[in-house]
Amino acid sequence: MPKPKPTILLTRPEAQSKEFAEALRAGGFDGEIVISPLIDVRSTGVEVALSRDAQVAFTSRNALDFVTPQPRIAWCVGDKTAEKANGLGWRARSANGDVDQLFELIADAAPKTEIVHLRGEHSRGALVDRLNDQGIPARDVVVYQQVALDLTKAAKGVLSGNSPLLVPLFSPRSAALIALQGPFTPPLCVVAMSEAVAAELEGIELGEIHVAKAPTAEAMCKSVLSLVSSA
């Protein structure tokens, strides 16, 4: 008798969870998907003042929703962020990876103008400090908050049930928040976007932790679908 397909619990903000769910469906997953955002993204209301020659950096697509687009260079952590930035009118350049690769991309270009990192209140990678250490003037501007949310009734139900559960986690912040929900009763499998995400789950009793081959939504989707097919 075949094993039951795991339920997939998505905890990203609503729009991003729905987008990822669509990618899973397109990849052939026809099991249950429960969406329960752990973070609500809200504007800080900060007005971003940029000098005439300043360039910007985005380590998340979320920041793009809270800044007036301008036709200036925008250094972006990944292709999805760059795609959205280009669509809004920025001149995006993608690191196609994580914050470390973004730092390397900017450092290699060695811009002489200021880099303004437009970000959320919770951010990893110390991008601005590292750029300043390289002699590249940089500063942070926090344009959005990441407000923690309670799990939905449906999410609490699958976390307290006995059916296999698969949870993709895209950020250290979401991993830290899901860790607070334990102990978990079902066989829980986590797919982490990076080692930094997985590190937030140390000491938490889980079934398995898998790290995606690359810090991209596409790699996360492939990892999830691969695990589902082998279950």
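Calculation notes
- Residues numbered from 1 in each chain as written.
- Predicted model: local features only at pLDDT ≥ 70, side-chain atom pairs only at ≥ 80, totals over all residues.
- Heavy atoms only, no water.
- Helix = DSSP H or I, 4+ residues; strand = E, 2+ residues; numbered from the N terminus.
- Expected span 1.5 Å × (residues − 1).
- Buried < 20%, exposed > 50% of the residue type's maximum accessible area, 1.4 Å probe, protein only.
- Arc of directions from axis to C-beta.
- Pairing = 2+ DSSP bridges.
- Right-handed = clockwise from strand over helix to strand, strands pointing away.
- Phe/Tyr/Trp six-rings, centres within 6.5 Å; stacked < 30°, edge-to-face > 60°.
- Lys NZ or Arg CZ within 6 Å of the ring centre and 35° of its normal.
- Polar contact = N/O pair within 3.5 Å; in protein donor to acceptor, adjacent residues only side chain to side chain.

Chemist: Outline helix H1 (residues 14–26), supporting the account with residue identities and numerical values.
Modeler: Taking 1.5 Å per residue, 13 residues should reach 18 Å; H1 reaches 18 Å between its end C-alpha atoms and fits that length. Among the residues making up H1, those that are buried are Gln16, Ser17, Phe20, Ala21 and Leu24. For H1, the buried positions fall inside an angular range of 140° around the axis, keeping them on one side. Exposed side of H1, more than 90 degrees from the buried face: Ala15, Glu22 and Ala26 are the residues found there.

Chemist: Quick rundown of the pairing of strand S6 (residues 91–94)? Include the residues and the values.
Modeler: The sheet contact formed by strand S5 (residues 73–76) and S6 spans four bridges and is parallel. By the bridge assignment, alanine 74 is partnered in S6 with alanine 92. Note on the crossover from S5 through helix H2 (residues 79–88) to S6: the handedness is right-handed.

Chemist: Break down the packing of aromatic side chains for me, citing the residues and quoting the values.
Modeler: Evaluation of the coordinates by the stated rule reveals three aromatic pairs. Seen from the ring of phenylalanine 170, arginine 12 lies directly overhead, with NZ or CZ sitting 3.9 Å from the centre. Over the aromatic face of phenylalanine 103 sits the side chain of arginine 130, whose NZ or CZ is 4.5 Å from the ring centroid.

Chemist: Can you lay out the side chain of glutamine 146 for me, pointing to particular residues and giving the numbers?
Modeler: Note that glutamine 146 resides in strand S8 (residues 138–148). Judged by its relative accessible area of 9%, glutamine 146 falls in the buried class. A polar atom in the side chain of glutamine 146 sits 2.7 Å from the backbone nitrogen of histidine 122.

Purely spatial values, then, with no claim about function.
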